[in-house]
Amino acid sequence: MSGALRRFWAARDRRERVILAAGGVLLAVALLYVYAWQPVVRERTRLEASLPTLRVQLQEMRAGAQEAEALKRVPKLATLSIDAAMRQAGTEAALSATAAQTAIIDAAHTRVTMQAVSFEQWLRWITALQAHYRVRVESCRIEALPQPGAVRVEATLVGG
């Protein structure tokens, strides 16, 4: 085959050889464009379009990582009963341990009654329970007392 190609090339005059060589170069450039350059351009366009979505996902992942780190610092409920969590949160909220009367309803529910407590202390206490110990309020009844800022509270708390 190589001999036939040489004979073909030798049979052409100089002008035909230049035209054939230029055609070969143009064909090579066209193939390079179609098979190498166009896929790169298409992929670049696709990546540019997906970049905003990826940035949002990155922000969500960073926020999730920060939340995971914060949750690692939260005491596990298995090691901290609702009563212990209430005592600890009461200490954090400067709430007297004797201010709350508790009654355990079942393994997850506890009823809390406070006859006279500062509303501000109640809010600090319940916020500490929710934020640090994953104890939430299932139901609550708050009555204002005659003393300014004092309330009577009956609440059912759920742990976990």
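Everything quoted here is computed from the prediction, not taken from an experiment.

A. Structural view of the pairing of strand β1 (residues 100–104). In the sheet, β1 pairs with strand β2 (residues 109–118) via five bridges, with the strands oriented antiparallel. The residue bridging A103 from the neighbouring strand is R111, located in β2. Here β1 folds back onto β2 in antiparallel fashion, the turn holding four residues.

B. How the structure looks around the nonpolar core. If you look at the biggest cluster of nonpolar residues, it comprises 13 residues, and the most contacted ones within it are M114, W122, W125, L129, V153 and L157. Those elements giving two or more residues to this core turn out to be β2, α4 (119–133) and β4 (150–159). When residues of this core are assigned to their parent elements, the largest contribution, five residues, is made by α4.

C. Representation of the sheet that holds strand β3 (residues 135–144) within the structure. Pairing is antiparallel across the open sheet formed by four strands, whose spatial order is β1-β2-β4-β3. With partners counted over all chains shown, the strands left at the sheet margins are β1 and β3, one partner each. Geometrically, the sheet is characterised by an average inter-axis angle of 15° between neighbouring strands, direction not taken into account. Where β3 and β4 come together, nine bridges link them in antiparallel fashion. Along β4, the bridge assignment pairs R136 with V158.

D. Representation of the pattern of salt bridges within the structure. Applying the stated criterion across every chain, the model contains eight salt bridges. The closest approach of N and O atoms between E43 and R46, which form a salt bridge, is 2.4 Å. Here E43 pairs with R46, and both are found in helix α2 (residues 14–72), just three residues apart, close to one helical turn. We classify E43 as partly exposed; its relative accessible area is 34%. Ionic pairing is found between R124 and E120, a salt bridge with its closest N-O pair at 2.8 Å. Of this pair, R124 and E120 both sit in helix α4, separated by four residues, roughly a single helical turn.

About the criteria used
- Residues numbered from 1 in each chain as written.
- Predicted model: local features only at pLDDT ≥ 70, side-chain atom pairs only at ≥ 80, totals over all residues.
- Heavy atoms only, no water.
- Pairing = 2+ DSSP bridges.
- Helix = DSSP H or I, 4+ residues; strand = E, 2+ residues; numbered from the N terminus.
- Core = buried A, V, L, I, M, F, W, Y, C linked by side-chain atoms within 4.5 Å.
- Buried < 20%, exposed > 50% of the residue type's maximum accessible area, 1.4 Å probe, protein only.
- Axes fitted to C-alpha atoms, helices over the stretch in contact; angles between N-to-C directions.
- Salt bridge = Lys/Arg side-chain N within 4 Å of Asp/Glu carboxyl O.

By themselves, these are just geometric observations and shouldn't be taken as functional.
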